[in-house]
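# Chains, contacts and geometry: an overview
Here is how the chains run, residue by residue.
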Amino acid sequence: METGKTIRGSTKLAFDAAHGITTIVEDMYRNIAATPFPLGEAPLGRAQGIAGFVHESIRRVIGTAGSTSDSILERIAPELDRTLPPGPKRQAIISALNGVCGDHLATSGNSLAIPMQLRVLLPPAIHAGEASEHPIPASNLFEIDRRSVEIYPQPIALMENGFSPTGRLLILAHGLSMNEREWTSNQHNHAEALADDGDYTPVYTLYNSGRNISTNGREFCEQLTGLLSTWPVPVDSITFIGFSMGGLITRSAMHIAQEEGHDWLNKVDKAVYVGTPHHGAVMERGGYWLQKGLTHSPYTAPLTALSRIRSAGITDLRHGNVQDQDWQQHDEHEDNSDARLPTPLPAGIKHYAIAATLSKRSGERIGRLLGDGLVHPSSATGKHNNADFDLAFPKAHTSIFYDLGHLAMLHDMRVMKQLREWLKPT
């Protein structure tokens, strides 16, 4: 993301935060001044008297300062872009912010909001348009700083010298608060290794992971339709790998394609879900109960505003929402009920699931409680007591790896071996 957009968006977010904190402080003052009982409902409305006037004045100053700074930054943005080029660390921070509050960034028009894109990773020589006399061996491709290049909706990479697309697309969807470059972990990238094995062309999805999963799923579906219309060679097959939230977005996109009759679904042969919380994630359920606990006292109730910062994408992870109807009928911050509709895996596609657990062996307590630290193996393998929600992966299409954390699956060689076995050319 360009420097001008980054600074302008960060400044806007800071002023939004200041406005929110002012409201929290006012609510705390109002509640304490009312001297309520320790347990019970908090008073309503603004602080009275001089306190209310002061806090309203602060909000007005924040609003004026925010508008003024945004106007100035808009004018100097081109010079900032020229003198301060972006780097991968900046993108990682922006992706993390999108995961935490990406829905707010999108609805407030903040330039930090990441638009969905499909991208490829190219070696530096290829990106620069230079025909290398000494091609980089595939085994060393993960040890260099590869450049991420947009391929849809702006098909820049199609014009890159040396870009050789194949008819076998390997589409990858990253997890919460991540971006396409983070598929490369510990100098290894599962997708690029698979590309060398099976003549795949990896295509990476970049998206705002703070938006609702079904919202991203719909846009993902539309972008895949557009990608196939611009792909320079006939597409023989589409294979998905979704990591964590990315697996839910993949399922959402396929469900929409099935409901609306999108042609690209007929090209999908296999889909692998790695650490995907098909039936929810442990940590988001903990976040909900922390928020509810704060509401029981008027002295802590204003702090629930902080816990409600959790994005729509995060709250979708509580139960594993993939359809609009799963979340549209109730407030996920207030209602803990599982309102999902059954969303079976599309027929005619081979579906695979990889799970992990921190346990060193089967049955250990830490694995039963936390799974891989974020997702329990039963959720990652789609198991559910209700047959309508059970995803019914064939036993041969599931693997559980022990002594392995959630993010470590991105570079674990056991996972790589399993992916090779399942996705080898047939």
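Fair warning: this is a prediction, and the values are worked out from it, not measured in the lab.

Rules behind the numbers
- Residues numbered from 1 in each chain as written.
- Predicted model: local features only at pLDDT ≥ 70, side-chain atom pairs only at ≥ 80, totals over all residues.
- Heavy atoms only, no water.
- Phe/Tyr/Trp six-rings, centres within 6.5 Å; stacked < 30°, edge-to-face > 60°.
- Helix = DSSP H or I, 4+ residues; strand = E, 2+ residues; numbered from the N terminus.
- Buried < 20%, exposed > 50% of the residue type's maximum accessible area, 1.4 Å probe, protein only.
- Contact = heavy atoms within 4.5 Å.
- Core = buried A, V, L, I, M, F, W, Y, C linked by side-chain atoms within 4.5 Å.
- Salt bridge = Lys/Arg side-chain N within 4 Å of Asp/Glu carboxyl O.
- 1 Å grid on protein atoms, 1.4 Å probe; cavity = no way out; pocket = protein on both sides within 12 Å on 5 of 7 lines; lining within 4 Å.
- Points joined across faces, edges and corners; volume = space filled by probe spheres on them.
- Nonpolar A, V, L, I, M, F, W, Y, C, P; charged D, E, K, R; others polar.
- Expected span 1.5 Å × (residues − 1).

### Points about the packing of aromatic side chains
- Under the counting rule described, the total for this entry stands at 6 aromatic pairs.
- Ring centres of Phe163 and Trp231 lie 6.3 Å apart, and the angle between their planes is 90°; on these two criteria the pair is classed as edge-to-face. Pair noted here: Phe163 is in the loop between β2 (147-152) and β3 (168-173) and Trp231 is in the loop between α6 (213-230) and β7 (237-243), with a separation of 68 residues, a long-range link.
- For the ring pair Trp183 and Phe243, a centre distance of 6.4 Å and an interplane angle of 70° mean the geometry is edge-to-face. With Trp183 in the loop between β3 and β4 (184-185) and Phe243 in strand β7, this pair connects stretches of sequence that are 60 residues apart.
- Judged by relative accessible area, which is 1%, Phe243 ranks as buried.
- One aromatic cluster is present, formed by Phe220, Phe240 and Trp264 through successive ring pairs.

### A few points about the environment of Val235
- When you line up the elements, Val235 lands in the loop between α6 and β7.
- With relative accessibility at 9%, the residue Val235 sits in the buried group.
- Through-space distance from the C-alpha of Val235 to that of Pro165 is 9.8 Å; in sequence the pair is 70 residues apart.
- Setting aside residues up to four positions removed in sequence, Val235 forms contacts with Gly167, Leu169, Leu228 and Lys267.

### What to know about the nonpolar core
- Of all hydrophobic cores here, the largest spans 42 residues; its most connected members are Ile151, Ile171, Phe220, Leu227, Phe240, Met254 and Trp264.
- For this core, the secondary structure elements donating two or more residues are β1 (117-122), β2, β3, α6, β7, α7 (245-260) and β8 (268-274).
- The dominant element in this core, judged by the number of residues it contributes, is α7, at 7 residues.
- Apart from the residues lying within four places of it in its own chain, the contact partners of Phe220 are Met116, Leu118, Ile171, Ala173, Thr205, Phe240, Ile249, Thr250 and Ala253.
- In terms of nonpolar packing, the next biggest core, distinct from the first, is built from 27 residues, Ala193, Ala195, Phe243 and Ile354 among them.

### Looking at the pattern of salt bridges
- As enumerated under the stated definition, the model contains 8 salt bridges in all.
- Close ionic contact of Arg420 with Asp197 constitutes a salt bridge, the shortest N to O distance being 2.3 Å. Remark: Asp197 occurs in helix α5 (residues 190-198) and Arg420 occurs in helix α14 (residues 413-423); sequence separation between them is 223 residues.
- The class of Asp197 is partly exposed, set by a relative accessible area of 39%.
- One salt bridge in this structure joins Arg218 and Glu260, with 2.7 Å as the shortest N-O distance. Of this pair, Arg218 sits in helix α6 while Glu260 sits in helix α7; the two residues are 42 residues apart in sequence, bridging distant segments of the chain.

### Focus: empty space enclosed by the protein
- Taken as a whole, this structure holds 3 cavities of 30 Å³ or more when the rule is applied.
- If you go around the largest cavity, you meet 14 residues; those closest to its centre are Arg251, Arg340, Leu341, Thr343 and Phe389.
- A class-by-class count of the residues in the lining of the largest cavity yields 6 nonpolar, 3 polar and 5 charged.
- Taken as a whole, the second largest cavity encloses approximately 40 Å³ of empty space.
- Around the second largest cavity, the lining residues are Trp183, His190, Ile241, Phe243, Val274, Met409, Leu410, Val415 and Leu419.
- Contributing elements (two or more residues each) for the lining of the second largest cavity: β7 and α14.
- For the lining of the second largest cavity, the per-class residue count stands at 8 nonpolar, 1 polar and no charged.

### Focus on α7
- Over its 16 residues, α7 runs 23 Å from end to end, which matches the ideal 22 Å to within 8%, given 1.5 Å per residue.
- The element α7 is extensively covered by neighbouring structure, given that 13 of its 16 residues are classed as buried.
- Gly261 lies just past α7 and shows a positive phi near 75°.

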